Amino acid sequence: MKKLFVLVLFVMGMSVTFTSCDDAKKTAKDAVETTKDAAKATGDAVKDAAEATGDAVKDVADKAVDAVTGDAEQIKKGKKLALMNGCLACHQEHTKSVGPSYEEVAKGYKEKGGNMTKFLKGNADAIIDPAQFAVMKVNLSITQKMSGDDLAALTTYIRSFE
Ligand code: HEC
């Protein structure tokens, strides 16, 4: 009887030892899982942030490229229009001839804050060389008939000499 009691005590003791050992193992395992989860969450957050930053940088770069190439194409188109419509017969890019150079026109418009589109539509007075406006006036019949797109290209070309 005494022996059995000791055995029962022994078994109980062992099971307590095993259980607490299991608990400790489980706690340690949980801690490892939690750490792993945290690491994964941090990793995901860093990855997301990097992706967001990458996207933002790409957006800015794309816009910059668009701005440069877009302008370059407008300027090319504007120059072609100036050539086709005889503007370059009286206007050189950098030197005064019959009319003021486009550089002089561009700088004057920038300085005075003029609206070149309005002038070319016949809705604003000459601000560069009003005394010679009669020579330029006939050309407004050409520019007045141009589409908004063509006029935008033409003024972008002229203003590129600012
Ligand atoms: C027959 C010559 C002649 C032709 C062709 C000509 N221009 Fe002019 N242009 C002038 C003269 C002269 C002036 C200066 C008078 C003036 O300021 O309006 C002038 C001035 C201008 C100005 C400045 C206007 C201002 O505010 O004073 C612009 C912009 C302009 N021309 C654009 C054009 C465009 C675009 C064309 C082609 C569609 C063109 N010109 C064709 C002679 C010409």
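These notes cover the structure that comes with them. Predicted model, so just to flag it, every value in this text is computed and none were measured.

### Brief notes about the site of the ligand
Close to the ligand lie 24 residues, the nearest being Cys-87, Cys-90, His-91, Tyr-109 and Met-136. Between the ligand and Tyr-109 there is a distance of 2.5 Å, counted from an oxygen atom to a side-chain nitrogen or oxygen. When atoms are counted within 2 Å of each cavity's grid points, the one that captures over half of the ligand is the largest pocket. Secondary-structure elements contributing two or more residues to the shell around the ligand are α2 (102–112), α3 (116–120) and α4 (133–137).

### Details of the coordination of the iron atom of the ligand
For the iron atom of the ligand, the full set of protein donor atoms is His-91 (NE2) and Met-136 (SD), at a range of 2.0 to 2.2 Å. Its six donor atoms give the iron atom of the ligand angles of 88 to 179 degrees at the centre, a pattern that matches the octahedral case. With His-91 in the loop between α1 (2–84) and α2 and Met-136 in helix α4, this pair connects stretches of sequence that are 45 residues apart. Given a relative accessible area of 11%, His-91 falls into the buried group.

### So, the packing of aromatic side chains
Under the criterion given, the structure shown has three aromatic pairs. With 5.9 Å between their ring centres and 65 degrees between their planes, Phe-119 and Phe-133 make a pair best called edge-to-face. Residue Phe-119 is found in helix α3, and its partner Phe-133 is found in helix α4; the two are separated by 14 residues along the sequence. Of the residues examined, Phe-119 reaches a relative accessible area of 9% and is grouped as buried.

### Comments concerning the layout of surface pockets
A volume near 490 Å³ is recorded for the largest pocket. Lining the largest pocket are 27 residues; nearest its centre among them are His-91, Pro-100, Val-105, Phe-119 and Met-136. Counting only elements with at least two residues in the lining of the largest pocket, the list comes to α2, α3, α4, α5 (140–143) and α6 (148–159). Within the lining of the largest pocket, the residues separate by chemical class into 19 nonpolar, seven polar and one charged.

### Observations concerning the nonpolar core
Counting residues in hydrophobic clusters, the biggest one holds 19 residues, and the most contacted among them are Tyr-102, Leu-120, Leu-154 and Ile-158. Those elements that place two or more of their residues in this core are α1, α2, α3 and α6. It is α6 that contributes the most residues to this core, five residues altogether. Setting aside chain neighbours within four positions, we find Leu-154 in contact with Gly-78, Leu-81, Ala-82, Leu-120, Thr-143 and Met-146.

### Looking at the packing of α2 against α6
For the pair α2 and α6, interaxial distance at closest approach is 8 Å and the crossing angle is 95 degrees. As far as their axial angle goes, α6 and α2 are roughly perpendicular. For the pair α2 and α6, the contacting residues are Tyr-102, Val-105, Ala-106, Tyr-109 and Lys-110 in the first and Tyr-157, Ile-158 and Arg-159 in the second. By residue class, the composition of the contact of α2 with α6 is six nonpolar, no polar and two charged.

Conventions adopted
Residues numbered from 1 in each chain as written. Predicted model: local features only at pLDDT ≥ 70, side-chain atom pairs only at ≥ 80, totals over all residues. Heavy atoms only, no water. Near = heavy atom within 4 Å. Polar contact = N/O pair within 3.5 Å; in protein donor to acceptor, adjacent residues only side chain to side chain. 1 Å grid on protein atoms, 1.4 Å probe; cavity = no way out; pocket = protein on both sides within 12 Å on 5 of 7 lines; lining within 4 Å. Sits in = over half its atoms within 2 Å of the grid points. Helix = DSSP H or I, 4+ residues; strand = E, 2+ residues; numbered from the N terminus. Donors = N, O, S within 2.8 Å, 3.2 Å for Na, K, Ca; no water. Tetrahedral: all angles 85-135°; square planar, octahedral: opposite > 155°, others 65-115°. Buried < 20%, exposed > 50% of the residue type's maximum accessible area, 1.4 Å probe, protein only. Phe/Tyr/Trp six-rings, centres within 6.5 Å; stacked < 30°, edge-to-face > 60°. Points joined across faces, edges and corners; volume = space filled by probe spheres on them. Nonpolar A, V, L, I, M, F, W, Y, C, P; charged D, E, K, R; others polar. Core = buried A, V, L, I, M, F, W, Y, C linked by side-chain atoms within 4.5 Å. Contact = heavy atoms within 4.5 Å. Axes fitted to C-alpha atoms, helices over the stretch in contact; angles between N-to-C directions. Parallel < 35°, antiparallel > 145°, perpendicular 65-115°, else oblique.

Just distances and angles here, no functional claims.
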